[in-house]
Amino acid sequence: MSLSPHTELSQDEVRKCQSMQVEEWEVLESIYPECCISREHDQGNIKLEIPVELGDELTVSIMDDGSLPALPSLPTSLKSGLPSEVIERPHQIQEHLTTLPPLLLHLILSPGYPIYAPPKIVSFQTNYNWLPLMNLLQEMLLDMWSPGEGTLYTWAEFIRSGDFLQPLGLKDNDQLRIPHPAPHLLRRVLKSYDENMKLSQFSQSSFTCSICFTVLKGSRCLQLACSHVFCRTCLEDFWGLCIKEGDVGRVGCPDPECVKEHSEASEEDVRKVVSEDQLKRWKWLRQKQTLERDPSIIHCPMEFCQTPVPKPAESDGDSGWARLRTCPSCSYSFCAFCKRTWHGPLTDCPISFAETFLIEYMELPVDSPKRVNIERRFGKTNLRRMVAKYEEEQMNKKWLEDSTMACPGCRVYVEKSLGCNHMTCSKCGQHFCYRCGAKLFAGDPYKHFSTPGLSCYSKLFDFQSADDNEWQPVEGFEFV
């Protein structure tokens, strides 16, 4: 039963109510310690800050309630500097959230609570004023009180679980609708609060690193975009080594599933783990990798520059102008074929001429008049340098032809020291046969070696000839 405002309670009744209030507060503090802000025993003042947890990620639609005037009529001078979403005023903005800002309740527990009177709600507020219909929610809370029963836990759970949203008409199935005069501003606030709460919960939780199998707090771990969690120390060592060795493609999630998918880490995750110098090298390697995948990219031949020069988009591939490249950094114009100063669209590259000239020069006798005249004209030191470079290029070319094989996908030379003849190019990922150079189907690369009739049938491995290993009897062995 409830008492009228003029009914006085006996001391025994007051002591009984106070005892129940203390017990209820202690229970509430043990269950929701983060919600209980303060309690004044003498005056019965209680302050609760209760966050709203939506459980799984929920679609929140923030709708314009039309209480603010439209902005298109503003002068252009006032529009400048404002975001487009502020000027356009979209009617509805959606965001995926798991938590909402807390509700702040200021209550006074009368001497007759909880047996004879409900709590008195002094104020009821929400951070950022995101919740409408506050008066209706206050009436719903008061209706939940029953004489003789504590209601603080019921109120806290009703708000924390978000169960109050559906009776208010804000939640329908798996979608939440919030009317607000400035949806674009409320969206930023709600998203920022949700991200901060996720970070706080992650920092306080414990996780097992999948690399070192150590249980650590989330503050010492990092959760990647794929939701896998690793300790920062392991990621620092692993990613730092990959960046140092230039293997930028492995800077990603070390989980076997993600490794199979070749998923790379985002710049935001890398920035959280590695140092600033390592981050700069990682970005440079990423850019270099992207450029190397484009066969039309040519580096500036100037030694002090080396800037990547892309092929002009408007160039005609059938004309001589397609060979022209102009470095955007040093403005050096050169031929894409011979890497020398631009010699026009009609003039042939001097590569063949230089090679013919050097061969003719080397075939001349040392003291011949023609050879001496050539040395005087071009300089003996320069000619020696050109001859040495030419001979080195010829030796490299011969070694490449004898000891390596070009990838049929990107023409990068590959050398095999041991293992099977199934090769996978580390640059373009092409599967090919090291014996014949044929491209192999990535889904079943070994079919090439197991199909009768093909030249590489049963030759996955290069074994020594059977004749060389055949057992030869020793003379007179049969008489022993």
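Residues numbered from 1 in each chain as written. Predicted model: local features only at pLDDT ≥ 70, side-chain atom pairs only at ≥ 80, totals over all residues. Heavy atoms only, no water.

J.: When you look at the nonpolar core in this model, what are you seeing that I'm missing?
T.: Considering soluble globular proteins, one finds that nonpolar side chains tend to be buried as a cluster. Of all hydrophobic cores here, the largest spans 42 residues; its most connected members are Leu103, Leu105, Trp130, Leu131 and Phe164. Looking at this core, the elements with two or more residues in it are α1 (11–31), β2 (45–64), β3 (92–108), β4 (120–126), α4 (134–143), α5 (152–160), β6 (175–180) and α6 (183–204). Ranked by residue count, the leading element in this core is β2, at eight residues. Contacts of leucine 103, omitting those with residues within four sequence positions, involve Leu48, Glu49, Ile50, Val52, Phe124, Gln125, Thr126, Trp130, Leu131, Leu137, Ile159 and Phe164. (Core = buried A, V, L, I, M, F, W, Y, C linked by side-chain atoms within 4.5 Å. Buried < 20%, exposed > 50% of the residue type's maximum accessible area, 1.4 Å probe, protein only. Helix = DSSP H or I, 4+ residues; strand = E, 2+ residues; numbered from the N terminus. Contact = heavy atoms within 4.5 Å.)

J.: When you look at the environment of threonine 233 in this model, what are you seeing that I'm missing?
T.: By the secondary structure assignment, threonine 233 is in helix α7 (residues 232–245). Judged by its relative accessible area of 47%, threonine 233 falls in the partly exposed class. Note: C-alpha distance between threonine 233 and cysteine 221 (12 residues apart in sequence) is 8.3 Å.

J.: Looking at this structure, how should I read the packing of α4 against α5?
T.: The axes of two packed helices give the description: the angle between them and the distance between them. α5 packs onto α4 with a crossing angle of 140 degrees between their chain directions and a minimal axis gap of 10 Å. By the angle between their directions, the pair α4 and α5 is classed as oblique. In the crossing of α4 with α5, the sense of the turn from one axis to the other is right-handed. Where α4 abuts α5, its residues Leu137, Met140, Leu141 and Leu142 lie against Trp155, Phe158 and Ile159. (Axes fitted to C-alpha atoms, helices over the stretch in contact; angles between N-to-C directions. Parallel < 35°, antiparallel > 145°, perpendicular 65-115°, else oblique. Left-handed = near helix turned anticlockwise from the far one by under 90°.)

J.: Looking at this structure, I do not really get the side chain of arginine 39. What am I missing?
T.: Tracing the sequence through the fold places arginine 39 in strand β1 (residues 36–40). Look at arginine 39: it is buried, it has no salt bridge, and the nearest opposite charge is glutamate 26 at 7.5 Å. Once residues within four sequence positions are removed from consideration, arginine 39 is found in contact with Gln21, Val22, Trp25, Asn45 and Ile46. (Lys, Arg positive; Asp, Glu negative; His and termini not counted. Salt bridge = Lys/Arg side-chain N within 4 Å of Asp/Glu carboxyl O.)

J.: I tried to follow the side chain of asparagine 421 on my own but got confused; where do I start?
T.: Along the chain, asparagine 421 turns up in the loop between β16 (413–414) and β17 (422–424). Using a relative accessible area of 0% as the deciding quantity, one classes asparagine 421 as buried. Of the polar contacts made by the side chain of asparagine 421, one reaches the backbone oxygen of lysine 459; its length is 2.9 Å. Setting aside anything within four residues of it in sequence, one finds asparagine 421 in contact with Lys416, Phe432, Cys433, Tyr434, Arg435, Phe449, Lys459, Leu460, Phe461 and Asp462. (Polar contact = N/O pair within 3.5 Å; in protein donor to acceptor, adjacent residues only side chain to side chain.)

J.: Help me out: how do you make sense of the pattern of salt bridges in this one?
T.: Where charged atoms from two side chains of opposite charge come close, those side chains can pair. By the definition in use, this model includes 14 salt bridges. With a closest N to O distance of 2.9 Å, lysine 370 and glutamate 360 form a salt bridge. Of this pair, lysine 370 sits in helix α12 (residues 369–378) while glutamate 360 is found in helix α11 (residues 351–363), placing the two residues 10 residues apart along the sequence. For lysine 370, a relative accessible area of 47% gives the class partly exposed. Through salt bridges that share partners, Glu53, Glu157 and Arg160 make up one connected network.

J.: Which parts of the structure should I look at to understand α1?
T.: Residues spaced three or four apart along an α-helix face the same direction, because each turn holds 3.6 residues. For α1, spanning 21 residues, the distance from its first C-alpha to its last is 30 Å, which sits close to the expected 30 Å at 1.5 Å a residue. For α1, the full list of buried residues reads Cys17, Gln21, Glu24, Trp25 and Leu28. Down the axis, α1 shows its buried residues gathered within 105 degrees of arc, on one side only. In α1, the exposed positions angled more than 90 degrees off the buried face are occupied by Gln11, Asp12, Lys16, Glu23 and Ser30. Those residues of α1 hidden inside the fold are in contact with β1, β2 and α5. (Expected span 1.5 Å × (residues − 1). Arc of directions from axis to C-beta.)

J.: So what exactly am I meant to see when it comes to unusual backbone geometry here?
T.: In most cases, non-glycine residues show a negative phi, while peptide bonds are predominantly trans. Omega for the bond connecting tyrosine 113 with proline 114 falls within 30 degrees of zero, at 10 degrees, which places this linkage in the cis form. One can find proline 114 in the loop between β3 and β4. In this model, phenylalanine 213 sits at a positive phi of 60 degrees, which is unusual for a non-glycine residue. Tracing the chain through its elements places phenylalanine 213 in the loop between β7 (206–208) and β8 (215–217). With phi around 70 degrees, arginine 411 is a residue other than glycine that occupies positive phi space. As for its placement among the helices and strands, arginine 411 is situated in the loop between β15 (405–406) and β16.

Honestly, it's all geometry; don't read function into it.
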